[in-house]
Amino acid sequence: MATPSSSSEGLPEQGGAADKLSALFTGATGFAVNNDTWFAEARIKAAFYPKFENENSDQETRHRMIDMVSRGLATMEVTLKHSGSLFMYAGQHGGAFSKNSFGNIYTAAGVFILGRILREAWGEEASKMQDEFNDYLAKNRVNISMELVTAVLGDHGQRPKDDYAVVTAVTDLGHGKPKFYSTPEVIAFCRKWRLPTNHVWLFSTRESSFSFFAAYDALCEEGTATPVRKALDEVADISVPGSKDHAIAQGEILEGLVARMVSRESSVQMEEVLRNFSQTPLDGVDCDLGPTLREICVPYRLDEMQQIKAILENVGSSMYPDHFDWSGNGGLDAQSRKAGESGVAEFLQAHPTDYATKKLQETIRLMKEMKPSCFPAAFKCYGNYQKVNSLSNDKHYKMVIHVHDDSVFTRYRQAMKKNQGLWPLYRGFFIDVNLFKANNKKATELSKDSNILLNSIEGSLDSTSSAKDGLADEDSNLMIKLKFLPYKIRTFLIRNGLSTIFKDKRSDYSNYYVRQMESWGTSESKLKELCILLNKWATYIRGKYDNESLSSSIYVTVGNLERKYLSEAEPFLEQHAKSSPANLALVRAAGDMVQTEKFLAILDAQRDKEDDFQPECGAAPSSPTASLDVVSKTEGLIVFFPGIPGCAKSALCNEILKMPGGLGDNRPLHSLEGDRTKGKYWQKVAAEQKNKSFRITLADKNAPNKDVWQQIEDMCRTTNAAAVPIIPDSEGTDINPFSLEALAVFMFRVLKRVNHPGNLGKDSPNAGNVLLKFYKLYDGKSRREFENELYERFGSLVKMPLLKPDRAPLPGDVKSILDEGLGLFSLHGSKRGRGKPSNGSDVSEEWKQWEERLREILFGYEDYLKSIQVPFDVAVKEVVEQLKAVAKGDIKTPDTAKQRFGNIIFAAVKLSQADILGLLRKVAEKDTDISNFLNGIKLENNLNKVHITLAHKGAHGLAAVASYSVYQNQELPVSFNALFYNNKMAALEAQLGTVNGETIVSRNDWPHCTLWTAAGVGPKKANTLPQLVLEGKAKRVPIGPPITISGVLDFY
């Protein structure tokens, strides 16, 4: 075993220390303690929550969260998302960390802001309380996590009015797995130390949780801090205001909300905390706190190292007495003194002295033993200068676990499911490592009582592994992030689009922002407004930074622009907002134009129209048969293939074309083969479909990504066609919808091709590389996510059988050569932005050797690869049966590909026009005057959008509208007992029934269904009919007995 080098020392004379350690670790194969044996003690220094993305769609996650609350299993907790940077703090000696590093501008700013917060909170006692706070964190092994919001560290959605931070987590590190405080415990902790807290809302009932999501859906395209806070205060069961008001500290532009499942006892715990821990006034508000962070940094804005130095000089010795993290020992840059990979290797080879160390080694070893393509992460070791004066020969490291790709967290969770004992992979993951010899003094101390240590190890096994607050693991992690469009306009569309504006064509930027908004489900009206705004933005910013000034430094310029993009965006948005009230409502806030009440009034005025009766588009179907319309035989059908070369799409198309009678209807079949089509393929498909919109087109080309799917959706809208994807049936992996077995079959088929029109066959020297490129295009989605997205977009899905269910497992040699290729692709693709090897390079030679071994291995297992495939004729038969079902309309296509949000104005009961006309005919049969009146206004020609308004956003408020969400899409019986009319309008008086035994109550004083209004008379005027009857200006005709018909409750 390779071990760290060190001077030899004799065994301790106290006797038995080495023997006790040897006995303690007898479970290790071949273990023996000698003079060169190293031991490791590791402690997590700081950790933030593991990154969690739900495996299901947002809609499925919503339904699961509401269901858990409804059944009393959990409470839903919602917090504001402040826009800043993660800062973690574990004490004044080497305890300041940013997301993936330390000793940088982020940690310097964090320490300064935290120190300033404590000075403002405690006034004259600040120095004393800073010492006590730091001492508490160190002795109790606690770290706090904060969202650090400052203009110094780069622009987000809006430059904060003040530099501040809010506590987002408190972590008890103890001596084992980290334990995160519950939100009530976080608030108690913060109020004890006078630290700033976030705004928290709790939803513990079915009604309130439904109302929350309805409120978000109504606000998602316009939500800013003040209206969002007001709406949530109205619908939540408990609201705990934050000590930092977002609108005051950061501004009106709000990034979003985070909803997650917490213990069902949270509401009770929160109420108890609020009773026992009051919000203490700040003692230092009127004190001179010294220069602000911005004032410190402005003189050195072009020199980050000088900024760090100036910030630290203003921190104060009671807050953070040493600066080793930034300067190292003896004035050297701390982060230049890395131990590198050797430090990680030494840690993994050393024997753990306790259970926590053993589990941390297990986590790191798992990630390092996997292929880099599976767990792209860096493990960095630095000298721990806080222990530089130690007299021992121990080695002290700070280890940073830096995850490069968020998909790593998903893959790691999958590994945890297979190995229940694995500890989580945290965001912001920092470990203090101590390596020491078995025969030194520390080993003697640790070995005094091996039984105690063993008991500690055993006791740690289940100390924190039980389900959180009685929730199953998948439910305790259940959360959803909900962002608001005003923030996304600024960050995703303006800031993140800068590189596209400057590096690509103008049309590429248009395509970029349209695709983004389509993926968000942005309403059509908002999309049109934003296209105008963003086109103007592109013209403005390109004009200011013309090509000539960018030619030599485009990457530097764009990078600087992205960091401080609001310097350009704010003045532009302010000018755009001033041009019209509608533009002010669109921009929401820019520059000094933060007039919340004004733009809310504008929006209310725009929406105060009940006659604009457009139903909110429902969620995309979770299965191919939910909320769907039958495919019409008068429209076209586009059959396409989200697959990989070798999936047999061309062979399948040829078989379909040869079938007598086609797909069983009267539409002609046509195939367009990608390998024989010159020019832009999908544009040609669109043009041909437009010319002959009635036919069925087989788009014989791989359609591997969202860009292509979006083009297909667009051509469906413009040519009145439906589309159906055909995919190879495969189990997939945790991060890719296609299994390695499927990839092996595809490669084998391609390498057997002769005279392929696309030159991708046995004579292609880089065929394997090309298939890896296609395979990697699907990375990031599990099979379920892949299929769900296709369902949501196109409403149906045809699966082509590929692998036999009773097949033998993939041979190790085949799996190894595929893993090696994927590793090569990730390694060289990340450097060049693509996986294709460069001729004459070392990389090219590496690829060439891999391609040769690939052919050798796949051909060596030819019998196996043939045996595991479903016979082609069987696969064709199953596909054709499914396609015929699509063509006949047995499988259906969706009303809309994406849910459209942001246009909820009122809740109403939608009624059938036929039912209302039938009711009126019965009334007219008994009353000649009514018959004459109805004939006179030609009601049958004018009756449309028949509904009963329950609550209107403008008149009753968002919370009132949202309160009906629990009954959405439910059938509601309505009794009509009178007809009111005069020469300007007519309406039916309504009495609402019940849904699931609950009586539905309208917020309108007079529930009614407006039938007709004369020209120039708005539908709202019908509300005055009862008063007009009292004044003798309208008639009321009773309907006896009342007639009951049913409608559906929904949002519009």
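Refer to the structure above for everything that follows.
These figures come from a predicted structure and were not determined experimentally.

Trainee: Tell me what's going on with the overall build of the protein chain, and back it up with residues and numbers.
Mentor: The helix and strand inventory of the protein chain stands at 43 helices and 30 strands. The buried share of the protein chain, taken over its 1052 residues, is 55%. Contacts in the protein chain between residues at least 24 apart in sequence constitute 79% of all its contacts with a sequence separation of at least 6. Accessible surface, the protein chain: about 45700 Å² in total, of which carbon and sulfur atoms supply 49%.

Trainee: For the side chain of glutamate 989, give the residues involved together with the corresponding values.
Mentor: Its place among the elements puts glutamate 989 in strand S26 (residues 985–992). When its relative accessible area of 15% is taken as the criterion, glutamate 989 is described as buried. Among all residues touching glutamate 989, those that are not within four sequence positions of it are Ser975, Phe976, Asn977, Ala978, Phe980, Trp1006, Pro1007 and Arg1036.

Trainee: Help me get a handle on unusual backbone geometry, residues and values and all.
Mentor: Of the consecutive residues glycine 1040 and proline 1041, the connecting peptide bond is found in the cis state with omega at -5°. Looking at the element boundaries, proline 1041 is found in strand S30 (residues 1035–1051). Non-glycine residue alanine 648 carries a positive phi angle of around 75°. Position of alanine 648 among the secondary structure elements: in the loop between strand S17 (636–641) and helix H28 (649–658). On the basis of relative accessibility, which here comes to 18%, the residue alanine 648 falls in the buried class.

Trainee: Can you tell me about the packing of helix H31 (residues 740–751) against helix H32 (residues 767–777), naming the residues and giving the values?
Mentor: Across the interface, H31 lies against H32 with an axial gap of 10 Å and an inter-helix angle of 140°. Of the possible angle classes, the one that applies to H31 and H32 is oblique. Considering the relative orientation of H31 and H32, their crossing is right-handed. For the pair H31 and H32, the contacting residues are Leu740, Leu743, Phe746, Met747, Val750 and Leu751 in the first and Ala767, Gly768, Leu771, Leu772 and Tyr775 in the second. Taken together, the residues that form the contact of H31 with H32 break down as 10 nonpolar, 1 polar and no charged.

Trainee: How would you explain the environment of arginine 159 if you had to name every residue and give the values?
Mentor: Checked against the element boundaries, arginine 159 lands in the loop between strand S5 (142–149) and strand S6 (164–172). For the pair formed by arginine 159 and serine 83, sequence separation is 76 residues and the distance between their alpha carbons is 9.4 Å. Discounting residues that sit within four places of it in the chain, arginine 159 has contacts with Gln250, Lys564, Leu566 and Ser567. A distance of 2.6 Å separates polar atoms of two side chains, one belonging to arginine 159 and the other to serine 567.

Trainee: If you had to explain the packing of aromatic side chains to someone new, which residues and values would you point to?
Mentor: As enumerated under the stated definition, the model contains 39 aromatic pairs in all. Arranged with centres 6.1 Å apart and planes meeting at 50°, the rings of tyrosine 136 and phenylalanine 189 form a pair that is tilted. Linking tyrosine 136 in helix H4 (residues 126–140) with phenylalanine 189 in helix H5 (residues 183–193), this pair joins segments that are 53 residues apart in sequence. For tyrosine 136, a relative accessible area of 22% gives the class partly exposed. On the basis of relative accessibility, which here comes to 6%, the residue phenylalanine 189 falls in the buried class. Judged by centre distance (4.8 Å) and plane angle (65°), the ring pair of phenylalanine 980 and tryptophan 1006 falls under edge-to-face. Linking phenylalanine 980 in strand S25 (residues 971–981) with tryptophan 1006 in the loop between strand S28 (998–999) and strand S29 (1008–1013), this pair joins segments that are 26 residues apart in sequence. Across the pair, tryptophan 1006 and phenylalanine 980 agree in class, each one buried.

Trainee: Help me get a handle on the sheet that holds strand S19 (residues 696–702), residues and values and all.
Mentor: Across a sheet, strands are paired by hydrogen bonds formed along the backbone, either parallel or antiparallel in direction. The strand order across the open sheet formed by 5 strands is S18-S19-S17-S20-S21, and the pairing between neighbours is parallel. Only two strands of the sheet have a single partner each, and these edge strands are strand S18 (669–673) and strand S21 (798–800). Ignoring strand direction, the axes of neighbouring strands in this sheet form an average angle of 20°. Sheet contacts for helix H30 (residues 706–719): S17 and strand S20 (721–728); angle to S20, the most-contacted strand, approximately 150°. Contacts between helix H33 (residues 783–794) and the sheet are confined to S17, S20 and S21, with S20 contributing the most and set at about 165° to the helix.

Trainee: Can you tell me about the packing of H28 against helix H37 (residues 872–888), naming the residues and giving the values?
Mentor: Interhelical geometry of H28 versus H37 gives an angle of 65° and a closest axis separation of 11 Å. Along this stretch, H28 crosses H37, giving a crossing that reads as right-handed. In this structure, H28 contributes Ala651, Leu652, Glu655 and Ile656 to the contact, and H37 contributes Phe872, Val876, Val879, Val880 and Leu883. Among the residues forming the contact of H28 with H37, the class breakdown is 8 nonpolar, no polar and 1 charged.

Trainee: Now, about the nonpolar core: what can you tell me, with residues and values included?
Mentor: Counting residues in each nonpolar core, the largest one holds 79 residues, and the members touching the most others are Met76, Phe212, Ile916, Phe976, Leu988 and Leu1011. Per-element accounting of this core gives the leading share, 7 residues, to helix H6 (residues 206–219). Among all residues touching leucine 988, those that are not within four sequence positions of it are Ile916, Leu919, Leu920, Phe976, Ala978, Leu979, Pro1007, His1008, Cys1009, Leu1011 and Ile1039. Core analysis: the second largest hydrophobic core is formed by 57 residues, Ile644, Val750, Leu802 and Leu803 among them.

Trainee: If you had to explain the pairing of S25 to someone new, which residues and values would you point to?
Mentor: Two elements, S25 and S30, share 10 bridges in a ladder whose sense is antiparallel. If you follow phenylalanine 980 over to S30, its bridge partner there is arginine 1036. Direction of pairing for S25 relative to S26: antiparallel, over a ladder of 7 bridges. Bridge pairing links leucine 979 to leucine 988 in S26.

Trainee: Just give me the short version of the pairing of S17, but keep the residues and values in it.
Mentor: In terms of burial, S17 is largely enclosed, as 6 of its 6 residues are buried. By the alternation rule, side chains of S17 split into Gly636, Ile638 and Phe640 and Leu637, Val639 and Phe641, which are all buried. As defined by bridge partners, S17 adjoins S20 across 5 bridges and the pair is classed as parallel. Bridge pairing in S20 links leucine 637 to alanine 722. Pairing of S17 with S19, which is carried by 4 bridges, proceeds in the parallel orientation. Residue pairing across strands places isoleucine 638 opposite threonine 697, the latter belonging to S19.

Trainee: If you had to explain the sheet that holds strand S2 (residues 75–81) to someone new, which residues and values would you point to?
Mentor: Read across the sheet, 5 strands follow the order S9-S8-S2-S10-S15 without closing on themselves; strand pairing throughout is antiparallel. Edge strands, defined here as strands with exactly one partner in the open sheet, are strand S9 (238–240) and strand S15 (479–483). Ignoring strand direction, the axes of neighbouring strands in this sheet form an average angle of 20°. Pairing of S2 with strand S10 (residues 256–262) involves 7 bridges; the strand directions are antiparallel. Following the sheet pairing, threonine 75 is matched in S10 by valine 262.

About the cut-offs
- Numbers given to residues run from 1 along each chain, matching the order in which its sequence is written.
- Where totals are concerned, whole chains, interfaces and linings use all residues; where local detail is concerned, this predicted model gives features only for residues with pLDDT of at least 70, and gives and counts side-chain atom pairs only at 80 or more.
- To get the side-chain values, take all heavy atoms of the structure and skip hydrogens and water.
- Helix and strand assignments follow DSSP, with helices taken as H or I runs no shorter than four residues and strands as E runs no shorter than two, numbered in order from the N terminus.
- The rule is simple: take the accessible area with a 1.4 Å probe, protein chains only, and divide by the maximum for that residue type; under 20% is buried, over 50% is exposed, in between is partly exposed.
- The contact criterion used is simple: two residues touch if any of their non-hydrogen atoms lie within 4.5 Å.
- Each accessible area is a Shrake-Rupley estimate made with a 1.4 Å probe; only the visible protein chains count as cover when residues are assessed.
- Fitted lines through C-alpha atoms serve as axes, helices being fitted only where they are in contact, and the angles separating the N-to-C directions of these axes extend from 0 to 180 degrees.
- With respect to orientation, any angle under 35 degrees is reported as roughly parallel, any angle over 145 as roughly antiparallel, any angle of 65 to 115 as roughly perpendicular, and every other angle as oblique.
- Definitions for this section: a left-handed crossing has its near helix turned counterclockwise from the far helix by less than a right angle. A right-handed crossing has that turn clockwise.
- Asp, Glu, Lys and Arg are counted as charged, while Ala, Val, Leu, Ile, Met, Phe, Trp, Tyr, Cys and Pro are counted as nonpolar; the rest, among them Gly, fall into the polar class.
- For the purposes of these results, a polar contact is taken to be a pair of N or O atoms within 3.5 Å, where, inside protein, one atom must be able to donate a hydrogen and its partner to accept one; residues adjacent in sequence count only when each atom of the pair is a side-chain atom.
- Pairing of aromatic rings covers Phe, Tyr and Trp, the last counted by its six-membered ring, and requires centre-to-centre distances within 6.5 Å; plane angles under 30 degrees mean stacked, over 60 mean edge-to-face, and any other angle means tilted.
- Two strands are counted as paired when DSSP detects at least two bridges linking them.
- By nonpolar core we mean a set of buried residues, namely Ala, Val, Leu, Ile, Met, Phe, Trp, Tyr and Cys, connected to one another through side-chain atoms within 4.5 Å.

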